[in-house]
Amino acid sequence: MAVIKTSSSDIDMLARLMRAEAEGEGEIGMMAAGNVMVNRVRVGCLDFTDITTVPQMAFQSPGGFEAVQKSYFYQHARERDKRLARRAVAGERTPPAEFALWFFRPDGPCPAQWWGQWNSGRYRAHCFYSPLASECPDVYSTY
C-alpha cells in the first residue's frame, strides 16, 4: 500500500530525483534519499505544510533539491530507479533516513545540527536530519 498518492509520472520524477541526488551512494543511498523525499510529501509540518505531491516536493523553492537544476535530472527514468521509487512510496524505510526530512553532503563530518535539525546518521557521503517528534509528529507515525 502506498504511503503517498502517486501517478506513473510521479514515480518517474521521484526515480529521477533519487538517482540525481544519490546515485553514487548505491541503492541503499538512493532509498535513504527517497525516504526524505516521500517523508516531505506525507507530513504536514515545518517547511512542508503545503507540499502534498511529488512535483511540489521536487521543485519546492526555497528548500527543494539542487538536482532539478541539472540536466542529469531530466534524463529518462530507468526501470531500476523506478523500482526503488515504488519501494519508497510503498513505505520501505532505510536507516538513517526513516524519519528524516533533510540530507546534505558535507565536505567533512556531519554537524550535530543543520539548520536547527538533529543529525540522525550518515550513509556514505550524505548526512540525514530528522525533526523532533514535538515539531513534526507526522514523520514518526506508522503507516
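See the structure above.
So, here is what we can say about the structure in this document. (Residues numbered from 1 in each chain as written. Predicted model: local features only at pLDDT ≥ 70, side-chain atom pairs only at ≥ 80, totals over all residues. Heavy atoms only, no water.)

### A short note on helix α1 (residues 8-22)
For α1, which comprises 15 residues, the first-to-last C-alpha distance of 21 Å matches the rise-based estimate of 21 Å (1.5 Å per residue) to within 8%. Those residues of α1 that fall on the buried side of the exposure criterion are D10, I11, M13, L14, A15, R16, L17, M18, R19, E21 and A22. Elements that come into contact with the buried residues of α1 comprise α2 (26-42), α3 (54-58), α4 (79-89), β1 (102-104) and β4 (126-130). (Helix = DSSP H or I, 4+ residues; strand = E, 2+ residues; numbered from the N terminus. Expected span 1.5 Å × (residues − 1). Buried < 20%, exposed > 50% of the residue type's maximum accessible area, 1.4 Å probe, protein only. Contact = heavy atoms within 4.5 Å.)

### Description of the state of the cysteines
Applying the stated rule across the entire model yields two disulfides. Two residues, C45 and C136, share a disulfide whose sulfurs are 1.8 Å apart. Linking C45 and C136, the disulfide has an S-S dihedral of approximately -55 degrees and is accordingly described as left-handed. With a gap of 91 residues between them, C45 in the loop between α2 and α3 and C136 in the segment after β4 connect regions that are remote in the sequence. The class for C45 is buried, based on a relative accessible area of 8%. Disulfide pairing is shown between C110 and C127; the S-S distance is 1.9 Å. What sets the handedness of the C110 and C127 disulfide is the S-S torsion sign, and at about -90 degrees it is left-handed. Here C110 is found in the loop between β1 and β2 (113-114), whereas its partner C127 is found in strand β4, with 17 residues between them in sequence. In the protein, the bonded cysteines, numbered by position in the sequence, are linked as 1-4, 2-3. (Disulfide = S-S within 2.5 Å.)

### Some details on the pattern of salt bridges
Within this structure, the stated rule accounts for ten salt bridges. Of the charged contacts, one joins R86 and E79 as a salt bridge, the two residues approaching to 2.7 Å between their closest N and O atoms. Among the residues examined, R86 registers a relative accessible area of 37% and is labelled partly exposed. Since its relative accessible area comes to 39%, E79 is described here as partly exposed. The shortest N-O distance in the salt bridge between D81 and R80 comes to 3.4 Å. Residue classification places D81 among the buried positions, given a relative accessible area of 0%. On the basis of relative accessibility, which here comes to 32%, the residue R80 falls in the partly exposed class. Residues joined in a network through salt bridges with shared partners are R19, E23, R78, R80 and D81. (Salt bridge = Lys/Arg side-chain N within 4 Å of Asp/Glu carboxyl O.)

### So, the sheet that holds β1
Within a sheet, neighbouring strands are paired by backbone hydrogen bonds and run either parallel or antiparallel to one another. Read across the sheet, four strands follow the order β1-β4-β3-β2 without closing on themselves; strand pairing throughout is antiparallel. Unpaired on one side and paired on the other, β1 and β2 mark the two borders of the sheet. Taken together, the five bridges between strand β3 (residues 117-123) and β4 define a ladder with antiparallel strand orientation. Residue pairing across strands places Y123 opposite H126, the latter belonging to β4. Those strands touched by α2 are β1, β3 and β4, and its axis lies near 140 degrees from that of β1. (Pairing = 2+ DSSP bridges. Axes fitted to C-alpha atoms, helices over the stretch in contact; angles between N-to-C directions.)

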